[in-house]
Amino acid sequence: LCAPAVCTIVSGWTAEQESKVVLKLLEIASYIVVPLAWGLAADLIFRQILRWRYANRDPEQQK
Amino acid sequence: MMPLDQIEAFLSGPYLVAVLVALGLGVGVLTGLFGVGGAFLLNPILIVAVGIKEPLVIGSSLSFTIGAAATGVARHMRSRNVDLQSMVIIAAGAIPGAVLGADMLGWLQQGLSPTIFKVVIRALYCAILVLTAWLVARESNRKDADRGLLQHLPLPPHVDLKGAGLTGVSLPGLLLVGLVIGAVAGTLGIGGGVLLMPLLLVVVGMTTHKAIGTSLGVVLLSSIAGTAKHGLKGNVSLIIVLAMLVGSSIGVQIGAAICERLHARKLRRYFAAVALLTAVMTAADLAGILIRD
């Protein structure tokens, strides 16, 4: 899907060159998106654990 | 993705992964506690103690910082410790600064012999850490309500940072702080939080807790720029990044929880001690290079 779009921007490139560029861009994006998603997901999970722990506390303790 | 057995290190397989998880946990606590990405401490340990090659360490630790800082920023945002306005302004200076710094690193590498290059980088590292420790320790007697240097700077236009509770802060001054941080971070391959946190305290005049949260936000943005630059050269290993993130996800929560309970003055003293300890470690490595070569 990406290769024709790149081809229209950079005319004169071969299909091999295009796929190399697209793969490199996807690789760089993975170095950014994977840790970012991990960090945000970890925060979300911890927040849910804390909420769950608070909700299951003894009502006397909550006072 | 680079397979685990292709990573050159003193350890291999599950032992290497276990050490990376443990390192991530320790650095995660520092991230949540002091608002630093942790690369300033992580890089020397990964190079000297774990034996991973320097370019791979720099790229991977920057990518790791994105994840650790994202968890920390989300946690500090809920505690209202992040001033988005100053974060965006400083990052606008830090991102071009980081690109300039990475180019400066390339020029130094080309212009100097490998030994002199190592000596120059480590000496710069030591100087930055000692300056950081001194700035923060000096601040221990300062009240959080005191004004920062940028509020006295006669360089218009001046902006009000409502989230940080500061008025009349010089906008070019803020951008310059970002540019300097970015250039230093790009040259040394770190996120820059270790120097930015004290500058937000002394130069911008933020309170300790706001400086920690906002510094993490800038580190997150500048690490994204740095990772893209190093990723282009293939200097990032997602296995190293993910192993360290497993540990740091827990560590950041512990650090941020301690941060909320600690008094600002104590936080500053502990931060100065960690910076000084890392400077001593780097100085020992520098002395080793000078004796060997």
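Higher on the page you've got the structure.
A quick note: this is a predicted structure, and the numbers were derived from the prediction, not measured. Here the residue numbers are simple positions, counted from 1 along each chain's written sequence. Whichever chain is written first is A, and whichever ligand is written first is 1; the rest continue in order. Predicted model: local features are reported for residues with pLDDT of at least 70 only, side-chain atom pairs are reported and counted for 80 or more only, and whole-chain, interface and lining totals are derived from all residues. Excluded from the side-chain calculations are hydrogens and water; all other atoms, namely the structure's heavy atoms, are used.

Describing the interface of chain B and chain A
Taken residue by residue, the interface counts 24 residues in chain B and 15 residues in chain A. Throughout, the accessible surface (probe 1.4 Å) given up by two parts as they are put together, summed over both, is called the buried area. Here chain B packs against chain A, burying approximately 1,700 Å² in sum over the two surfaces, 75% of which is carbon and sulfur. When the buried surface of chain B facing chain A is broken down by residue, Arg78, Leu238 and Gln253 of chain B rank first, second and third, together holding 23% of it. Salt bridge, as used here: a side-chain nitrogen of Lys or Arg that lies within 4 Å of a carboxyl oxygen of Asp or Glu. Applying the counting rule to chain B against chain A returns one salt bridge. The shortest N-O distance in the salt bridge between aspartate 43 of chain A and arginine 78 of chain B comes to 2.9 Å. Between N or O atoms, a polar contact is any pair within 3.5 Å; within protein, one atom must be a potential hydrogen donor and the other a potential acceptor, and residues adjacent in sequence are included only when both atoms are from side chains. Applying the counting criterion to the chain B and chain A interface returns six residue pairs in polar contact (both at pLDDT 80 or more). Secondary structure elements are defined from DSSP: runs of H or I of at least 4 residues count as helices, runs of E of at least 2 residues count as strands, and each element is numbered from the N terminus. Contributing elements (two or more residues each) for the side of chain B that touches chain A: helix H3 (54–78), helix H8 (208–232) and helix H9 (238–261) of chain B. Of the residues that constitute the side of chain B that touches chain A, the class distribution is 14 nonpolar, eight polar and two charged. Contacts are residue-level and defined by heavy atoms, with any inter-residue pair within 4.5 Å sufficient. For this classification, the nonpolar set comprises Ala, Val, Leu, Ile, Met, Phe, Trp, Tyr, Cys and Pro, the charged set comprises Asp, Glu, Lys and Arg, and every other residue, Gly included, is treated as polar.

Side note on the nonpolar core
Residue and element names in this part refer to chain B. Counting residues in each nonpolar core, the largest one holds 55 residues, and the members touching the most others are Phe40, Leu161, Leu174, Ile190 and Val204. Broken down by element, the residue count for this core peaks at 10 residues, all from helix H7 (residues 193–204). Formed by 21 residues, the second largest nonpolar core is a distinct cluster that contains Leu16, Val27, Leu42 and Ile52. By nonpolar core we mean a set of buried residues, namely Ala, Val, Leu, Ile, Met, Phe, Trp, Tyr and Cys, connected to one another through side-chain atoms within 4.5 Å. Per-residue accessibility, obtained with a 1.4 Å probe over protein chains only, is compared with the maximum for each type, and a residue is labelled buried under 20%, exposed over 50%, and partly exposed between these values.

A look at the pairing of strand E2 (residues 166–170) of chain B
As defined by bridge partners, strand E1 (residues 158–161) of chain B adjoins E2 of chain B across three bridges and the pair is classed as antiparallel. Residue pairing across strands places leucine 161 of chain B opposite leucine 166 of chain B, the latter belonging to E2 of chain B. One bridge is not enough; two strands pair if DSSP finds at least two bridges between them.

What about the side chain of threonine 214 of chain B?
All names here are of chain B. Turning to its location among the elements, threonine 214 is positioned in helix H8. Residue threonine 214 is classed as buried on the basis of its relative accessible area, which comes to 0%. Filtering out sequence-adjacent residues up to four positions away, threonine 214 remains in contact with Asn81, Val82, Asp83, Ser86, Met87, Leu200 and Met206.

Description of the pattern of salt bridges
Summed over all chains, the structure comprises five salt bridges over all chains. Between arginine 47 of chain A and aspartate 43 of chain A there is a salt bridge, with the nearest N and O atoms lying 3.9 Å from each other. In this pair, arginine 47 of chain A and aspartate 43 of chain A are both assigned in helix H2 (residues 15–55), four residues apart and thus about one turn of the helix distant. Bridged by salt links that share partners, the residues Asp43 and Arg47 of chain A together with Arg78 of chain B form one connected network.

Side note on helix H6 (residues 171–188) of chain B
Residues and elements named next belong to chain B. A helix's residues, less one, multiplied by 1.5 Å, set its expected span. For H6, spanning 18 residues, the distance from its first C-alpha to its last is 26 Å, which sits close to the expected 26 Å at 1.5 Å a residue. For H6, the complete set of buried residues consists of Gly173, Leu174, Val177, Gly178, Ile181, Gly182, Ala183, Val184, Ala185, Gly186, Thr187 and Leu188. Those residues of H6 that are buried lie in contact with helix H2 (39–49), helix H4 (84–111), helix H5 (114–138), E1, E2 and H7. With a side-chain oxygen positioned 3.2 Å from the backbone nitrogen of glycine 173, the residue opening H6 is serine 170. Of the residues flanking the end of H6, it is glycine 189, one or two places downstream, whose phi is positive at about 70 degrees.

Notes on unusual backbone geometry
All names here are of chain B. A positive phi is found at arginine 80, a non-glycine position, where the angle reads about 55 degrees. Relative to the assigned elements, arginine 80 resides in the loop between H3 and H4. Using a relative accessible area of 68% as the deciding quantity, one classes arginine 80 as exposed.

Honestly, it's all geometry; don't read function into it.
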